[in-house]
Amino acid sequence: MSPPVAPLVEIFSSIQGEGIWVGCRQIFLRFAGCNLACSYCDTPRGIPQYCRWEARPGSREFLLLPNPLTAQEVALMIRKLEPAAHHSISLTGGEPLLHTSFLLELIPLLKGTRQGIYLETNGTLPDSLERILPLVDIIAMDIKLPGTANINPCWQEHRAFLKLARGKHVFVKLVVDEDSKPEEIERALDLICNVGDIPLVIQPVTTPEGKTRLNPEKAITWQSRALEKLTDVRVIPQTHKFLGHL
Ligand SMILES: C[S@@+](CC[C@H](N)C(=O)[O-])C[C@H]1O[C@@H](n2cnc3c(N)ncnc32)[C@H](O)[C@@H]1O
Ligand SMILES: Nc1nc2[nH]cc(C(=O)O)c2c(=O)[nH]1
Ligand code: SF4
Ligand SMILES: [Mg+2]
């Protein structure tokens, strides 16, 4: 049987710009394809001429990715980016959990970072998470507000996902903007606190112009409200956008 392959959009070294590990050096593996289509999504869609990898860490010189790639090919590219200089390897996308057969082959080949494998996920594919859960160290999970993302609700999937993830180093990201509906935010908070006292990051939507659209009073109101139910609630905008990092 031929080995599983996957379409990769980007492989690069950068600084984590979101969530509770913001500021940590990571290698990013961006998979093509997603099961959702959030209206605010800032991610390249995997158009072949943009599928690229950084041959040397920090060089900003990119080569085209010869897609689709085998796990061995991806592991070799990652080794060239010096895993030992990194906190962890971020599996992102798109939705990385659309590629679980590939990940089952790849992750055992990824060694040498200090903290291991960091999964960045939309939190809607619990069955896929279950398949690779033992191989993952950190989970950054979104709970999607349907009104803000302009998608169908995923509450049930999120609940099942968070129950599986709670045994790991997990935190939840809630992407919000000025028009996010209070009842959807409340529902997300209830969902989290019913599963556990899990750290929450409220992340304002960044516009294509690199601005956030969330006034400070609203940010403070939602944080205070969340702190009535959870002990660790932070408001953190995406920092890589204004640092000019990838
Ligand atoms: C591009 S997604 C890839 C991983 C996965 N599909 C997900 O949604 O979590 C990575 C993170 O970026 C966030 N994100 C995407 N576009 C954004 C934007 N315009 N402003 C703020 N956060 C954004 C997502 O909500 C998610 O937390
Ligand atoms: N620097 C940086 N930090 C990030 N955190 C989450 C990202 C993502 O797109 O998954 C991301 C990204 O694309 N770049
Ligand atoms: S789930 Fe993530 S990658 Fe998919 S559309 Fe939403 S933000 Fe973009
Ligand atoms: Mg991103």
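Rules used throughout
- Residues numbered from 1 in each chain as written.
- Chains lettered and ligands numbered in written order.
- Predicted model: local features only at pLDDT ≥ 70, side-chain atom pairs only at ≥ 80, totals over all residues.
- Heavy atoms only, no water.
- UniProt positions renumbered as here; feature names shortened; annotations may be inferred.
- 1 Å grid on protein atoms, 1.4 Å probe; cavity = no way out; pocket = protein on both sides within 12 Å on 5 of 7 lines; lining within 4 Å.
- Contact = heavy atoms within 4.5 Å.
- Helix = DSSP H or I, 4+ residues; strand = E, 2+ residues; numbered from the N terminus.
- Buried < 20%, exposed > 50% of the residue type's maximum accessible area, 1.4 Å probe, protein only.
- Salt bridge = Lys/Arg side-chain N within 4 Å of Asp/Glu carboxyl O.
- Near = heavy atom within 4 Å.
- Sits in = over half its atoms within 2 Å of the grid points.
- Nonpolar A, V, L, I, M, F, W, Y, C, P; charged D, E, K, R; others polar.
- Pairing = 2+ DSSP bridges.
- Polar contact = N/O pair within 3.5 Å; in protein donor to acceptor, adjacent residues only side chain to side chain.
- Areas by Shrake-Rupley, 256 points an atom, 1.4 Å probe, with all protein chains shown as cover.

Looking at an unreviewed UniProt entry, one finds the protein chain named 7-carboxy-7-deazaguanine synthase and attributed to Desulfofundulus thermosubterraneus DSM 16057. A UniProt comment under Pathway (unreviewed entry) is attached to the protein chain, and it reads "Purine metabolism; 7-cyano-7-deazaguanine biosynthesis." Under the UniProt heading Sequence similarities (unreviewed entry), the entry covering the protein chain gives this text: "Belongs to the radical SAM superfamily. 7-carboxy-7-deazaguanine synthase family."

Caption draft 1: Representation of the UniProt feature "binding site: S-adenosyl-L-methionine" (unreviewed entry) in the protein chain. Taking the numbering used here, the UniProt-annotated feature "binding site: S-adenosyl-L-methionine" (unreviewed entry) corresponds to Tyr 40, Cys 41, Asp 42 and Gly 94. Despite a sequence span of 55 residues, these residues sit close together in the fold, their greatest C-alpha distance being 13.0 Å. Lining the largest pocket, from the set of annotated residues above, are Tyr 40, Cys 41, Asp 42 and Gly 94. If sequence neighbours within four positions are ignored, Tyr 40 has contacts with Asp 142, Lys 144, Thr 148, Ala 149, Val 175 and Val 205. Relative to the elements of secondary structure, Gly 94 occurs in the loop between strand E7 (88-92) and helix H2 (100-106). On the accessibility criterion, Gly 94 (30% relative accessible area) is partly exposed. Those residues in contact with Gly 94 that lie beyond four places of it in its chain are Phe 31, Gly 33, Cys 34 and Thr 43.

Caption draft 2: Spotlight on the side chain of His 240. One can find His 240 in helix H8 (residues 240-243). Residues in contact with His 240, not counting those within four places in the same chain, are Ile 15, Gly 17, Glu 18, His 245 and Leu 246.

Caption draft 3: Focus on the pattern of salt bridges. Taken as a whole and judged by the stated rule, the model has 15 salt bridges. With its nearest N and O atoms 2.7 Å apart, the salt bridge here joins Glu 10 to Arg 30. Highlighted residues: Glu 10 in strand E2 (residues 8-15) and Arg 30 in strand E3 (residues 25-31), separated in sequence by 20 residues. Taking relative accessible area as the criterion, Arg 30 reaches 13% and is therefore assigned buried. Because the salt bridges share partners, they merge into one network encompassing Glu 186, Asp 190, Arg 225, Glu 228 and Lys 229.

Caption draft 4: Up close: the site of ligand 3. Lining the immediate environment of ligand 3, one finds Cys 34, Leu 36, Ala 37, Cys 38, Cys 41, Gly 94, Asn 122 and Lys 144. Judged by the fraction of its atoms near the pocket grid, ligand 3 is located in the largest pocket. Its residues assigned to classes, the shell around ligand 3 comprises 5 nonpolar, 2 polar and 1 charged.

Caption draft 5: Structural context of the pairing of strand E9 (residues 138-142). Summarising burial for E9: 5 of the 5 residues are buried, a large majority. Burial of E9 is two-sided: the residues Ile 138, Ala 140 and Asp 142 facing one way and the residues Ile 139 and Met 141 facing the other way are all buried. Sheet analysis places strand E8 (residues 117-121) next to E9, joined by 4 bridges and oriented parallel. Its bridge partner being in E9, Leu 119 is matched across the sheet by Ile 139.

Caption draft 6: Quick peek at the site of ligand 2. Ser 14, Ile 15, Gln 16, Gly 17, Glu 18, Phe 28, Arg 30, Thr 92, Glu 120, His 240 and Leu 246 make up every residue found near ligand 2. Here Leu 246 contributes a backbone N or O atom positioned 2.8 Å from a nitrogen atom of ligand 2. In isolation ligand 2 has 320 Å² of accessible area, and contact with the protein removes 94% of it. The cavity that encloses ligand 2 is the largest pocket. Taken together, the elements giving at least two residues each to the shell around ligand 2 come down to E2 and E3. Looking at side-chain class alone, the shell around ligand 2 contains 3 nonpolar, 5 polar and 3 charged residues.

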